[in-house]
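# Structure at a glance
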Amino acid sequence: QVQLVESGGGLVQAGGSLRLSCAASGSIFSVNAMGWYRQAPGKQREFVAAITGGGVTNYADSVKGRFTISADNAKNTVYLQMNSLKPEDTAVYYCNVDLLLWGADHTEDYWGKGTLVTVSS
């Protein structure tokens with residue numbers, strides 16, 4: 001019923017920038033929040049950033065001042081602008097969306113398949 005399509009990952013040198021996108025489609029009535037998580041090799045998945053439908057943002061301390069999350073509510077799309085990238089930012093980045101489907105009485109969480117970001121030193 002819902003598809004999340006991520007794009008924008010790739011290989012970049014330390015200090016460089018990348019922009020991730022995640023578009024949600026399907027029988028979506030409304031989006032409560034959208035966000036990004038990441039999982040580095042051998043580590044647990046961790047929170048990166050999130051934005052509510054009202055535009056309130058939240059960031060992990062490790063990315064504050066370097067990453068910016070934004071959303072286009074009309075397109076159900078969330079973006080993550082990543083600047084001043086560091087080798088420790090290398091991970092698979094996953095999009096997460098908390099949304100309400102048409103006809104549903106509660107929101108549900110959906111995950112994208114992930115996009116790989118590799119930062120070389």
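Here the structure is shown first, and the text comes after it.
What you are looking at is a predicted structure, and each value in this text was computed from that prediction instead of being measured.

### Focus: the side chain of T115
If you trace the backbone, T115 turns up in strand β11 (residues 115–120). Of note is the side chain of T115, whose polar atom sits 3.3 Å from the backbone nitrogen of G9. Discounting chain neighbours no more than four positions away, the residues touching T115 are E6, G9, L20, A91, V92 and Y93.

### Observations concerning the nonpolar core
By size, the foremost hydrophobic cluster in this structure holds 32 residues, and its most contacted members are W36, L80, M82 and Y93. Take this core: its biggest share by element is 6 residues, from strand β9 (residues 91–101). Leave out the neighbours within four places in its chain, and L80 touches L18, R19, L20, W36, V48, A49, F67, T68, I69 and Y93.

### Points about the environment of P87
In this structure, P87 sits in the loop between β8 (77–82) and β9. Discounting chain neighbours no more than four positions away, the residues touching P87 are A14, V119 and S121.

Rules behind the numbers
- Residues numbered from 1 in each chain as written.
- Predicted model: local features only at pLDDT ≥ 70, side-chain atom pairs only at ≥ 80, totals over all residues.
- Heavy atoms only, no water.
- Helix = DSSP H or I, 4+ residues; strand = E, 2+ residues; numbered from the N terminus.
- Polar contact = N/O pair within 3.5 Å; in protein donor to acceptor, adjacent residues only side chain to side chain.
- Contact = heavy atoms within 4.5 Å.
- Core = buried A, V, L, I, M, F, W, Y, C linked by side-chain atoms within 4.5 Å.
- Buried < 20%, exposed > 50% of the residue type's maximum accessible area, 1.4 Å probe, protein only.

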